[in-house]
Amino acid sequence: MRKLAAGVLLGLGAAAMVLSIAATGALEPVELILYDWRMRSDARTPPDVHPDLVLVEINDTTIRDLDPVFGRWPWPRVTFSLLVDFLNRAPAKVIALDLGFYERDRVLQHQIGTEKWSGAESDGALVKSVKGAQTTILLADAVYEGLISGEESNQAAEWRGDPYRLDQRIFERRSIITPFGELNDAVATLGHSFAALDAGGSLRRIVPFVRTGDRFMPSLGVAAALRGADIRPEQVTLAGDTLRMADRAVPLVPVPVKDATSGRTVDQLTMLVNYRAPALLPNGERPYRSFEARHLLQSEIQLLSGEKPTVDPALFKGKIVFVGLTASGLVDVFQTPFDSRGQGKMPGIQMHASVADSILSNRFIAPAGHRQRIAMTVFAAVVVGLLAAFFGFTAAAVMSGAVMFAWALYTWLSFRTGLWVNLTQPIAAMSLALFSGTAYQYFVEGKEKRVVKKLFGRYVSKDVYDQLLEHPESAELGGARREMSVLFSDIRGFTSVTEKGDPEELVAQLNEYFSRMVEIVFRHHGTVDKFVGDMVMALYGAPLDDPGHAEHAVATAVEMVRELGELNRKWAAENRAQLDIGIGVNSGDMIAGNIGSSSIMSYTVIGDNVNLGSRLESLNKEYRTRIIISDATRGWLTGTYQIVPLGDVVVKGKTRSIAIFEVKVPSPLTVVSEESI
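Residues numbered from 1 in each chain as written. Predicted model: local features only at pLDDT ≥ 70, side-chain atom pairs only at ≥ 80, totals over all residues. Heavy atoms only, no water.

Draft legend 1. Representation of the overall build of the protein chain within the structure. Scanning the protein chain from N- to C-terminus turns up 19 helices and 32 strands. A separation of at least 24 residues holds for 74% of the contacts in the protein chain among residues at least 6 apart in sequence. Total accessible area on the protein chain is roughly 31000 Å²; 56% of this is exposed by carbon and sulfur atoms. (Helix = DSSP H or I, 4+ residues; strand = E, 2+ residues; numbered from the N terminus. Contact = heavy atoms within 4.5 Å. Areas by Shrake-Rupley, 256 points an atom, 1.4 Å probe, with all protein chains shown as cover.)

Draft legend 2. Just helix α12 (residues 393–416), in detail. Compared with the 34 Å implied by 1.5 Å per residue over 24 residues, the 34 Å span of α12 between its first and last C-alpha is a close match. When α12 is considered as a whole, its buried residues turn out to be Ala396, Ser400, Met404, Trp407, Thr411, Ser414 and Phe415. (Expected span 1.5 Å × (residues − 1). Buried < 20%, exposed > 50% of the residue type's maximum accessible area, 1.4 Å probe, protein only.)

Draft legend 3. Spatial organisation of the packing of aromatic side chains. Using the criterion set out here, one finds 14 aromatic pairs in the structure. With centroids separated by 6.0 Å and ring planes inclined at 45 degrees, the aromatic side chains of Phe70 and Trp75 adopt a geometry described as tilted. On the accessibility criterion, Phe70 (6% relative accessible area) is buried. Look at Tyr513 and Phe514: their rings are 5.3 Å apart centre to centre, the planes differ by 50 degrees, and that puts the pair in the tilted class. Given the relative accessible area of 0%, Tyr513 is considered buried. Phe514 gets classed as buried once you look at its relative accessible area, which sits at 11%. Taken together, Phe70, Trp73, Trp75, Phe80 and Phe101 form an aromatic cluster joined through their ring pairs. Here the guanidinium or amino end of Arg634 rests over the ring plane of Phe661, the centre of that ring lying 4.6 Å away. (Phe/Tyr/Trp six-rings, centres within 6.5 Å; stacked < 30°, edge-to-face > 60°. Lys NZ or Arg CZ within 6 Å of the ring centre and 35° of its normal.)

Draft legend 4. The pattern of salt bridges, seen in detail. Following the criterion strictly, the structure yields 38 salt bridges and no others. The salt bridge partner of Glu300 is Arg89, with a shortest N-O separation of 2.7 Å. Of this pair, Glu300 sits in helix α9 (residues 293–304) while Arg89 sits in the loop between α5 (77–87) and β2 (94–97), and the two are 211 residues apart along the sequence. Arg89 sits in the partly exposed class, given a relative accessible area of 39%. Measuring nitrogen to oxygen at the nearest pair gives 3.1 Å for the salt bridge that ties Lys570 to Glu512. Of the two residues, Lys570 is situated in helix α17 (residues 549–573) and Glu512 in helix α16 (residues 503–523); the sequence distance between them amounts to 58 residues. Ionic contacts of the salt-bridge type, sharing partners, join the residues Asp42, Arg44, Asp48, Arg276, Asp357, Arg363 and Arg416 into one network. (Salt bridge = Lys/Arg side-chain N within 4 Å of Asp/Glu carboxyl O.)

Draft legend 5. Inspection of a nonpolar patch on the surface at higher detail. There is a patch of nonpolar side chains on the surface, built from Met1, Leu4, Phe390 and Phe391 and spanning about 430 Å² of accessible area. Within the secondary structure layout, Leu4 lies in helix α1 (residues 2–23). (Patch = residues over 30% accessible without salt bridge, like charges linked within 9 Å, V, L, I, M, F, W, Y side chains within 5 Å.)

Draft legend 6. Structural view of unusual backbone geometry. The omega torsion across Ala90 and Pro91 is 0 degrees, close enough to zero to call that bond cis. Mapped onto the elements, Pro91 comes out in the loop between α5 and β2. The linkage connecting Ala542 with the following residue, Pro543, adopts the cis geometry, with an omega of 5 degrees. Mapped onto the secondary structure, Pro543 falls in the loop between β27 (535–540) and α17. If you check the backbone angles, Asn362 has positive phi at about 55 degrees while not being a glycine. Mapped onto the elements of the fold, Asn362 is located in the loop between α10 (348–361) and β23 (366–367). In this structure, Arg624 takes a positive phi of about 55 degrees despite not being glycine. The residue Arg624 is located in the loop between α18 (608–623) and β30 (627–630) in this model. Overall, the relative accessible area of 46% leaves Arg624 in the partly exposed class.

Draft legend 7. Structural detail: the sheet that holds strand β20 (residues 320–325). An order of β9-β5-β2-β20-β1-β19 is seen for the 6 strands of this open sheet, with the pairing classed as parallel. Two strands close off the open sheet at either side, each with one partner strand: β9 (189–192) and β19 (289–292). Along the sheet, successive strands turn relative to each other by an average axial angle of 25 degrees, direction set aside. Across 4 bridges, the pairing between strand β5 (residues 136–140) and β9 is parallel. In the sheet register, Ala140 faces β9, and the bridge partner there is His192. Strand contacts of α10: β1 (53–58) and β20, with the helix running at about 175 degrees to β1, the strand carrying the most contacts. (Pairing = 2+ DSSP bridges. Axes fitted to C-alpha atoms, helices over the stretch in contact; angles between N-to-C directions.)

Draft legend 8. Layout of the pairing of β27. For β27, a buried count of 6 out of 6 residues is recorded, marking the element as mostly surrounded by other parts of the structure. Taking every second residue as pointing to the same face, both faces of β27 are buried, with Met535, Met537 and Leu539 on one and Val536, Ala538 and Tyr540 on the other. In the sheet, strand β25 (residues 480–492) pairs with β27 via 6 bridges, with the strands oriented antiparallel. Counterpart to Leu487 in the pairing with β27 is Ala538. By the bridge criterion, 5 bridges tie strand β26 (residues 527–532) to β27 in an arrangement that is antiparallel. Paired with Val528 across the bridge in β27 is Ala538. Counting the residues between successive antiparallel strands, the hairpin from β26 to β27 contains 2 residues, one of them, Gly533, with a positive phi of roughly 65 degrees.

Draft legend 9. Layout of the environment of Met271. Here Met271 lies in strand β18 (residues 265–272). Taking the relative accessible area as the measure of exposure, Met271 reaches 1% and is therefore buried. Placed 21 residues apart in sequence, Met271 and Val250 show a C-alpha to C-alpha distance of 7.3 Å.

Draft legend 10. Main features of α18. Taking 1.5 Å of rise per residue, the 16 residues of α18 would be expected to cover 22 Å, and the 22 Å separating its terminal C-alpha atoms lies within 8% of that figure. For α18, the full list of buried residues reads Val610, Leu612, Gly613, Leu616, Glu617, Leu619 and Asn620. Once α18 finishes, Arg624 follows within two positions and takes phi at roughly 55 degrees, a positive value.

Draft legend 11. Seen up close, the pairing of strand β32 (residues 658–664). Counted residue by residue, β32 has 5 buried out of 7 residues, so it is predominantly covered. Both β30 and β32 contribute to a ladder of 3 bridges, which runs antiparallel. Bridge pairing in β32 links Ile629 to Phe661. Here 7 bridges tie strand β31 (residues 642–649) to β32, and the two strands are oriented antiparallel to one another. By the bridge assignment, Asp648 is partnered in β32 with Ala659.

Draft legend 12. Seen up close, the sheet that holds strand β8 (residues 171–172). Taken in spatial order, the 3 strands of this open sheet run β8-β12-β13, and their pairing is mixed. For this open sheet the edge positions go to β8 and β13 (215–218), each flanked by a neighbour on one side alone. Where strand β12 (residues 209–212) lies against β13, 4 bridges are found, and the strand directions are antiparallel. Across the sheet, Thr212 pairs through a bridge with Arg215, a residue of β13.

Draft legend 13. Quick peek at the nonpolar core. Counting residues in hydrophobic clusters, the biggest one holds 56 residues, and the most contacted among them are Leu166, Phe209, Val236, Leu243, Met245 and Phe322. For this core, the element with the most residues is α10, which contributes 7 residues. Sequence-distant contacts of Val236, defined by excluding residues within four places in its chain, comprise Tyr164, Arg165, Leu166, Phe209, Leu226, Ile231, Leu243, Arg244 and Met245. Residues Leu87, Ile112, Val127 and Val207 belong to the second largest nonpolar core, which totals 51 residues. (Core = buried A, V, L, I, M, F, W, Y, C linked by side-chain atoms within 4.5 Å.)

What follows is the structure, encoded as structure tokens:
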């Protein structure tokens, strides 16, 4: 019971400590690293991405090759009008431009091939193309809350967008910068660019909607997915921490952030991005089907000239197309969970495509609830705490390692189904519980075992010793009253033997005698209390309880007499001195415990019944017997013995007489004469 309580307390203490540390956010970086590992390990080959998502890259090669035609980057807006026109030929179901057109083009003249275009004319061409392609979604800047060219950005009332009906829990931005006036009026839908980066700079989640006042704007990826899945604004609702999009339920993660306007801490409702692949596959290609913008621009020019295009626009029919920068040095890249594999940062268009992929494929990542996290942390810690309390370090460490592995496997399998279960906190709690259990084993259980080993290592049988090590508390070393028996055995006439014999030979003979006697004591579950000269004192019923203590004590006495007979026959053949013994056994209430000084202690018993046992042993010489037991001991016996009453005697130190009995040993093999008794 004590180990059970200790294991539970160790587990609860470890869990409480880990949960307290976790509340400070100190464990979050570790969990995010393990989150990234699970996401990387869940990536499939070939990549399991939505087939309707397409990327159009403005990469280094495109910028370099088109420099003679459109000039240096940034290009005039007419360039993008050609891209929109080409994609609208099929038409593409969604054309999402991950590019900012927030200011009017103030360049007086662009040289485009052999033609000259003013900035206003270039803007007009883009406005016309966007107006003609109502599937176009343009980017709105929700990151920078400032002014554009000294003019205040477009306010909520100026948005031309879908009327979403959400609530005030949506993250608010003071202002959102939309495309310049005419382009803002021409476009059907806007998508914001706000990205929620974690402390390490990684983009694991996005803000699906932001608001200004009571107007709401989806992110570019969300807007593209809603258009692509034909989900109407009225089908988008917020219910608790779930964003419902028609038949899809997007789990949201509330993240506390400081509101820039009020200074209050508010919950930023975010969506975990279920990345299905890294930025680049091992073969150097994008996981989504991708095209270089230069080929599409070339194809549009070819079509306008009546030539066969390099790229057939029909390839984009019904597709959701993201157009954006992937050129190096143009900063539209994000750190993702795949970066540690050296697969490069992810361009913005692929990040938006990954968001859209989650919605279109109805594959989301939902974090497990706080209650489940706390419950599993406590449960795991208690399990390991119990293992550490009940088993030695090696066994506990192996079993705890198995439990930790099982937990890690469970979290990995859960992640594959879209459930993010905290891996760090239960593992940390289990590790701490194992460490605490090891300390408990050493300083508490180990201390008691070391005391037991020191006290009983050479004085009890192996089975008793093993029980004491397993349950050291059962010895009650501090002292306890026990119903038990005590045996005193003394060699008769030993003084005269020592005067005649050779000292070395005598010591060897005495050691042989004691060795045999101790084996007999151990064989009958006794404990050797001490040797005093040629006297042996043995206990039965201490330090472990023994209901048959009297039976075992008397059986020991009988076997001692017989064994000494065997030794005497051997010694007689060797022409060595022969010995005889007297044994006294008494049973009753005694006090057993660790007794002595602060520097020297030993486990022994005290009390009147102990003294009586010693007196009974000394009466053997007077009654010319070998074994004398008390009436109390006789009353406990269950075996068959030849018992002869010796009458009542008043032993030294007592005023009341007691009945004593001789236990005869049938045909003892001793060869000593009666005079030696």
